[in-house]
Amino acid sequence: MNREKKQGFDLNSIKTTTLAYFMLFAVVLMIIIWILQGFITDKYYETLRVQEANRTTVAVKQQFRDAPPDDFDKYARQTAQTNGIYIRIDGGMDSMIYDGIANLSKDTRFESELTKAMTQLGKQNLESANYRISDKNTGNNYLISISKIVSPEGVVNLYIVTPLVPIQSTLSIIRVLMLYVFIIAIGFALLLSIYLTSKIVRPIESITGSALELARGNFNVKFDGGKMTETNELAEVLNTASYEMGKADFYQRELVANVSHDLKTPLTMIKSYAEMIQDISGDNPEKRNEHLGVIIAETDRLNKLVSNLMSVSLLQSNTITLDRKTFDFVEMCQEVYESVAVLNEQEGYNIVFTPCKPTLVYGDRERLSQVLHNFVSNAIKYGGEDKYVGIELKRSGKKVSVHVKDNGMGIPKDDLPHIWDRYYRSSANHNREIDGSGIGLSISKTILSLHNTNFGVNSDEFIGSDFWFEMPVAKKA
């Protein structure tokens, strides 16, 4: 519903924002260029003309001194015509004039200016100088370069007159061209913004649609990030999240089925044996005690299941805390062994305990005992026909480790990366007749991770498994 409302014009959308910024960029750029050309073009143009006049002056002086008269005459005439300038050389009674400006040689308006400039050049003891003069009649501006040429024949005066084209007409042409450039820039910015926003927005819209499907519970949805690196990375993360959510949903359904089965069996047993005590064995102490023993055992199973479920609740809310103390690790493992050693006599198990010398560790004794109980319970449930379970302690340097081994069916390689996941049960051991909700190893992983210690499993299919964890050796309390 909310998404449908946002399909119209949205000032905060990527499309609108990108378009606005591109337009703003184009407008600001053209304004800057417009301002700069008004202030800079005139000065820049005149600077170029001065540099050009200086280069021409140097070249003419060089040719006058070095080239034969005929070659110089040809060079000067060609230079004047090509560059549109007026060249005049005064020496004694003769003047050499090369007019590249129409009829300027017949115009005597600049005679007084040239005479004054040459007089001032002599007073300042300079070899050359540039003067800018304006024609009041026509409004045209000229640049006059004056220089002295020292040659074997004597000293002559060189005048080069360069017309400065009226810059206003040039600026008018530039402004018209800039107007066209501005229109083209705005159009190009519009097209570019539309293209870029489509490249960005299209995969985002696709991801949003897929996210809505995911929110509706469709965990098989796929996220497509298009060709952009960032949207591709986002799509990959969401695909991973979708996969993990689907997997968690599957495992939760499995948990409900497993817990339902695990609850139903002891409850049925408790009810059946209670009815037997009520109807049959109430007056028979031997039978009554036997039936009460079954009820107590089944109640213990229910209590253990409820405790695991409470641990899962703490796990999900990240509220598991540790009560760390220094304790004897070997003694803790001995207690776990003794709690299950009764199975050796009652059910024919071969549970073997191999201790090491007494070793102190620093951690939560109750939680670590819970982890070891989970490892041993799994070995008992999924052990081989020989019913062997080995609890071995090994001390190496500043580490002590406990290994719980069995000779069962082992764990397939495909299942090994997932056995620590919440609610997961290996496909090789997925048997309704075996008690278990698939949360024991997940709880163990969390407890061991909180202890910041190493743990793992070594397993070969059809050979057996070895679950282990280690703890750093602590100094004496």
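Small disclaimer: the values here were computed from a predicted structure and weren't measured. (Residues numbered from 1 in each chain as written. Predicted model: local features only at pLDDT ≥ 70, side-chain atom pairs only at ≥ 80, totals over all residues. Heavy atoms only, no water.)

Colleague: Please clarify how the overall build of the protein should be interpreted in this entry.
Modeller: Each helix and strand counted, the protein has 11 helices and 12 strands in total. A burial count over the protein gives 36% of its 477 residues as buried. Pairs at least 24 residues apart make up 63% of the contacts formed inside the protein by residues separated by at least 6 positions. (Helix = DSSP H or I, 4+ residues; strand = E, 2+ residues; numbered from the N terminus. Buried < 20%, exposed > 50% of the residue type's maximum accessible area, 1.4 Å probe, protein only. Contact = heavy atoms within 4.5 Å.)

Colleague: Would you mind going over the environment of Gly397 with me for this structure?
Modeller: Topologically, Gly397 is positioned in the loop between strand 9 (388-396) and strand 10 (399-406). Remark: the alpha-carbon pair of Gly397 and Pro472, spanning 75 residues in sequence, is separated by 9.2 Å.

Colleague: Even after reading the chapter, I still don't get the side chain of Asn378, so can you show me in this structure?
Modeller: Residue placement: Asn378 occurs in helix 10 (residues 365-382). Filtering out sequence-adjacent residues up to four positions away, Asn378 remains in contact with Gly383 and Leu441.

Colleague: Can you walk me through the nonpolar core in this structure?
Modeller: Looking at soluble globular proteins, one finds that nonpolar side chains tend to be buried together. Counting residues in each nonpolar core, the largest one holds 40 residues, and the members touching the most others are Phe329, Ile351, Phe375, Leu393 and Phe469. One finds Val60, Phe64, Ile87 and Ile149 within the second-largest nonpolar core, a separate group that totals 14 residues. (Core = buried A, V, L, I, M, F, W, Y, C linked by side-chain atoms within 4.5 Å.)

Colleague: I keep staring at the confidence of the model for the protein and nothing clicks. Help me out?
Modeller: Segments scoring low in pLDDT should not have their predicted coordinates read at a detailed level. Overall, the predicted model of the protein reaches an average pLDDT of 80, with 82% of residues at or above 70. Across the protein, strand 10 holds the top mean pLDDT of 97, while helix 1 (residues 2-5) sits lowest at 47. In the model, residues 1-6 has pLDDT below 50 throughout and makes four contacts with residues more than four positions away in sequence or in other chains. Within the model, the stretch residues 427-436 combines pLDDT values under 50 with 25 contacts to residues more than four positions away or in other chains. (pLDDT = per-residue confidence, 0-100.)

Colleague: Could you clarify how one ought to interpret the sheet that holds strand 4 (residues 141-151) in this entry?
Modeller: Sheet strands line up and pair through hydrogen bonds in the backbone, either parallel or antiparallel. Taken together, the five strands give an open sheet; going across it, the order is 2-1-5-4-3, and neighbouring strands pair in antiparallel fashion. The open sheet terminates on both sides in strands that have one partner only, identified here as strand 2 (94-99) and strand 3 (128-134). Neighbour to neighbour, the strand axes of the sheet diverge by 15° on average, direction disregarded. Of the strand pairs in this sheet, strand 1 (residues 86-91) and strand 2 are connected by six bridges, and their pairing is antiparallel. When the bridges of strand 2 are listed, Tyr86 appears paired with Asp99. Packing against the sheet, helix 3 (residues 69-83) makes contact with strand 1 and strand 2, and its axis sits at approximately 40° to strand 2. (Pairing = 2+ DSSP bridges. Axes fitted to C-alpha atoms, helices over the stretch in contact; angles between N-to-C directions.)

Colleague: What should I look at first to understand the environment of Leu164 in this one?
Modeller: Residue placement: Leu164 occurs in strand 5 (residues 154-164). Distance from Leu164 to Val50, taken between C-alpha atoms, is 10.0 Å for residues 114 residues apart in sequence. Those residues within four positions of Leu164 in sequence are excluded, and the remaining contacts are Tyr45, Arg49, Arg132, Asn141, Tyr142 and Leu143.

Colleague: Just checking my understanding: could you explain the pattern of salt bridges for this structure?
Modeller: Note on pairing: side chains with opposite charge can pair once their charged atoms come close. Tallying each qualifying case throughout the model produces seven salt bridges. Here Arg216 and Glu213 are joined by a salt bridge, their closest N and O atoms 3.0 Å apart. Several salt bridges converge on common partners, so that one network encompasses Glu331, Glu335 and Arg365. (Salt bridge = Lys/Arg side-chain N within 4 Å of Asp/Glu carboxyl O.)

Colleague: Before we go on, may I ask you to explain the packing of aromatic side chains in this structure?
Modeller: What describes a pair of aromatic rings is the distance from one ring centre to the other and the angle between the planes of the rings. Enumeration according to the criterion identifies nine aromatic pairs in this entry. Judged by centre distance (5.2 Å) and plane angle (80°), the rings of Phe64 and Phe72 are edge-to-face. On the basis of relative accessibility, which here comes to 2%, the residue Phe72 falls in the buried class. Between Phe329 and Phe469, the ring centres sit 5.9 Å apart and the planes meet at 90°, which makes this aromatic pair edge-to-face. Of the two residues, Phe329 is situated in helix 8 (residues 329-340) and Phe469 in strand 12 (residues 464-472); the sequence distance between them amounts to 140 residues. Look at Phe329 and you get buried, because its relative accessible area is 0%. One aromatic cluster is present, formed by Phe329, Phe375, Trp420, Phe455, Phe467 and Phe469 through successive ring pairs. Here the guanidinium or amino end of Arg88 rests over the ring plane of Tyr159, the centre of that ring lying 5.6 Å away. Its end group placed over the ring of Tyr349, Lys387 keeps NZ or CZ at 5.0 Å from the ring centre. (Phe/Tyr/Trp six-rings, centres within 6.5 Å; stacked < 30°, edge-to-face > 60°. Lys NZ or Arg CZ within 6 Å of the ring centre and 35° of its normal.)

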